[in-house]
Amino acid sequence: MIPVPAESGHWTARFLKSILFISVALALFGIYLAFNIPVAVFPATNFPRIVIGVDNGVMPIDQMQVTVTRPIEEVVNSVPGLDRILSITSRGSAEVDLFFNWKVDMFQTLQYVNAAVARVQTTLPATAIWNTNRLTFAAFPIMGYSMTSDRVPQTTLWQLATYSVKPQLNRLAGVSTVIVQGGQEPEFQIQPDPGKLVQSQITVPNILDAIAKSNLIDSPGLLEQNHQLILGLVSGQVHNPAEMGEIVVKTTPSGSPIEVRDIASVSPSVKPVYTVVTANGKPAVLLNVYRQPDSNTVAVADEVHKKIAQLEHSLPPGVSIQAFYDQSQLVSDSIQSVLDAIVIGSVLAA
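As a starting point, this report considers the structure included with it. (Residues numbered from 1 in each chain as written. Predicted model: local features only at pLDDT ≥ 70, side-chain atom pairs only at ≥ 80, totals over all residues. Heavy atoms only, no water.)

**Comments concerning the overall build of the protein chain**
Put simply, the rule reads: The helix count covers DSSP runs of H or I at least four residues long, the strand count covers runs of E at least two residues long, and both are numbered beginning at the N terminus. The globule rule used here is 2.2 Å times the number of residues to the 0.38 power, and the radius of gyration it is set against is calculated over C-alpha atoms. Think of it in three bands: with a 1.4 Å probe and only protein chains considered, a residue is buried below 20% of the maximum accessible area for its type, exposed above 50%, and partly exposed in between. Note on areas: these come from Shrake-Rupley sampling with a 1.4 Å probe, and a residue is covered only by the protein chains present in the view. His is not counted, nor are the chain ends, whereas Lys and Arg count as positive and Asp and Glu as negative. Charge positions are represented by NZ for Lys, CZ for Arg, CG for Asp and CD for Glu.
The helix and strand inventory of the protein chain stands at eleven helices and 16 strands. In terms of C-alpha radius of gyration, the protein chain reaches 31 Å, well past the compact-globule figure of 20 Å for 350 residues. Along the first, second and third principal axes, the C-alpha atoms of the protein chain reach 135 × 60 × 55 Å. Counting only residues that meet the buried cut, the protein chain has 29% of its 350 residues in that class. For the protein chain, the accessible area works out to roughly 22,600 Å², and carbon and sulfur atoms hold 58% of it. For the protein chain, the centre of its 21 positive side-chain charges and the centre of its 27 negative side-chain charges are spaced 4 Å apart.

Pasting the structure below:
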């Protein structure tokens, strides 16, 4: 009887090639993910929750609940996968939170919710403004900039942030939206004279209707001439209080026009401010930058920093724009800490 020799060596020696292949494959896969997966403080998660926000001025709570909150709650009950509804109603605003099960497709569910609210929109007050948003980690800003100045008025800062800086940042890849806070939004204030209103038999809604119908740009049609098709535009937009005062509200039986300045005073003003925003102890305008859910926080922050550096040269003298919050620094510091741990651990293991 011939004895069978026992296999010598550790099992790792027998499967050395397989172990090396798996190790190299995992290392290559890790390197690929390091350069391609989204980089952010929190992981990309599709929470099964959608928030419906409604703004309706200063409508009383009871009226908001009857005319806005309840109709929306009833119509969204038909959305598939809905588990429960939680709503909060206050003066002039309502928030409806929709909680779904984790198995639903949130992108498709958001479309269902928008379609449901659109069906009931005709029954809502005409002044109600609503929007729907998925709850994700991208719903929080990743960067914040403050604009301050000792010489430039707050109205000018608001206009610079809204019409100059914000559009430039919105065009960057990975940026979802930019929200402007603070400052003073310029507007015209019309103060009617009660005695002249009674004398001319004009009401405040008549004034608002005349301004809404006159302060616009519209096209009367197309003009064909010399084998060319020309689009005609008629502009009635006002640019100063004097032009707004010249808007005709009513025509008397004798054919004499009654203008806004005949029954009211028009003066430049600012929109009422209910929240005070400051930076470094000065009144400021804030720019909050939001990223897209699948974007890279560090890459987006780098692009925003470069664009802000370019825009600083075009701002008026005396305007300072500084970053007060940058989430990419947390991510970069965390990545550097991991790299340090890998290097130290490799040295100690060797």
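**Describing the packing of helix α10 (residues 297-311) against helix α11 (residues 327-349)**
We apply this condition: Axes here refer to lines fitted to C-alpha atoms; in helices the fit is confined to the stretch in contact. Angles between the N-to-C directions go from 0 to 180 degrees. Here roughly perpendicular refers to angles of 65 to 115 degrees, roughly parallel to angles under 35, roughly antiparallel to angles over 145, and oblique to all remaining angles. Whether a crossing is left-handed or right-handed is set by the direction in which the near helix is turned from the far one by less than a right angle, anticlockwise for left-handed and clockwise for right-handed. In this description, contact between two residues means that some pair of their heavy atoms is separated by no more than 4.5 Å.
One can describe the packing of α10 onto α11 by two numbers: an axis separation of 9 Å at closest approach and a directional angle of 130°. Relative to α11, the element α10 lies oblique. Crossing handedness for the pair α10 and α11: left-handed. Here Thr 297, Val 298 and Ala 301 of α10 lie close against α11, whose contacting residues are Gln 327, Ser 328, Val 331 and Ser 332.

**So, the nonpolar core**
The criterion, for reference: Residues grouped as a nonpolar core are buried Ala, Val, Leu, Ile, Met, Phe, Trp, Tyr and Cys residues, joined through side-chain atoms within 4.5 Å.
Within the largest apolar cluster, 24 residues are counted, with the highest numbers of intra-cluster contacts made by Met 147, Val 165, Leu 169, Leu 287 and Val 304. Looking at this core, the elements that each hand over two or more residues are β5 (143-149), α5 (154-170), β6 (175-182), β15 (285-291), α10 and β16 (319-326). Those residues in contact with Leu 287, other than ones at most four positions away along the chain, are Met 143, Gly 144, Tyr 145, Met 147, Ala 161, Val 165, Val 178, Ile 179, Val 180 and Ile 321. Grouped together as the second largest cluster of nonpolar side chains are 23 residues, Val 54, Leu 82, Val 113 and Val 117 included.

**Some remarks on the pattern of salt bridges**
To keep it simple, the criterion reads: Salt bridges, as used here, are contacts in which a Lys or Arg side-chain nitrogen is within 4 Å of a carboxyl oxygen on Asp or Glu.
Enumeration over the complete set of coordinates arrives at five salt bridges. When the shortest N-O distance is used, the salt bridge between Lys 213 and Asp 209 registers 3.3 Å. Remark: Asp 209 and Lys 213 occur in helix α7 (residues 204-214); sequence separation between them is four residues, near one turn of the helix. Residue Lys 213 is classed as exposed on the basis of its relative accessible area, which comes to 59%. Notably, a salt bridge pairs Glu 259 with Arg 261, separated by 2.6 Å at the nearest N-O pair. What makes Glu 259 buried here is its relative accessible area of 15%. Residue Arg 261 is classed as partly exposed on the basis of its relative accessible area of 48%.

**Regarding the sheet that holds β6**
Threshold: Being paired, for any two strands, means DSSP has found at least two bridges between them.
Strand order in the open sheet formed by four strands is β6-β15-β5-β16, and the pairing between neighbours is antiparallel. Of all the strands in the sheet, the pair left with one neighbour each is β6 and β16. Adjacent strand axes in the sheet meet at a mean angle of 20°, parallel and antiparallel pairs treated alike. Of the pairings in the sheet, the one linking β5 to β15 comprises five bridges and is antiparallel in character. Each bridged residue has a counterpart across the sheet, and for Met 147 the counterpart in β15 is Val 285. Packing against the sheet, α5 makes contact with β5, β6, β15 and β16, and its axis sits at approximately 175° to β6. This element, α10, spans β5, β6, β15 and β16 of the sheet and lies at about 20° to β5.

**Looking at the side chain of Thr 69**
The condition that has to hold: Nitrogen and oxygen atoms within 3.5 Å of one another constitute a polar contact, given that in protein one can donate a hydrogen and the other can accept it, and given that sequence-neighbouring residues count only through two side-chain atoms.
Position of Thr 69 among the secondary structure elements: in helix α3 (residues 61-76). Within the local environment of Thr 69, its side chain forms a polar contact with the side chain of Thr 89, the two groups lying 2.9 Å apart. Setting aside anything within four residues of it in sequence, one finds Thr 69 in contact with Met 64, Ser 87, Thr 89, Ala 94 and Val 96.

**Digging into the packing of α5 against α10**
Stated precisely, the cut-off is as follows: Residue polarity is assigned by list, with Asp, Glu, Lys and Arg as charged and Ala, Val, Leu, Ile, Met, Phe, Trp, Tyr, Cys and Pro as nonpolar; anything else, Gly included, falls into the polar class.
For the pair α5 and α10, interaxial distance at closest approach is 10 Å and the crossing angle is 150°. Considered as vectors, α5 and α10 are oriented roughly antiparallel to each other. Note on packing geometry: the crossing formed by α5 with α10 is right-handed. Mapping the contact onto sequence places Val 165, Gln 168 and Leu 169 in α5 and Val 304, Lys 307, Ile 308 and Leu 311 in α10. Broken down by class, the residue content of the contact of α5 with α10 amounts to five nonpolar, one polar and one charged.

**Side note on the packing of aromatic side chains**
The condition that has to hold: A pair of Phe, Tyr and Trp rings is counted when the ring centres sit within 6.5 Å of each other, with Trp represented by its six-membered ring. The angle between the planes then sorts it: under 30 degrees is stacked, over 60 is edge-to-face, the rest tilted. By definition, being over a ring means that NZ of Lys or CZ of Arg is both within 6 Å of the ring centre and within 35 degrees of the ring normal.
Under the criterion given, the structure shown has two aromatic pairs. Centre to centre, the rings of Trp 158 and Tyr 163 are 5.8 Å apart; their planes meet at 85°, and the pair counts as edge-to-face. Note on Trp 158: relative accessible area 13%, which makes it buried. Residue classification places Tyr 163 among the exposed residues on the basis of a relative accessible area of 56%. Over the aromatic face of Phe 99 sits the side chain of Arg 84, whose NZ or CZ is 4.1 Å from the ring centroid. In this structure, Arg 134 packs its charged tip against the face of Phe 107, placed 4.4 Å from the ring centre.

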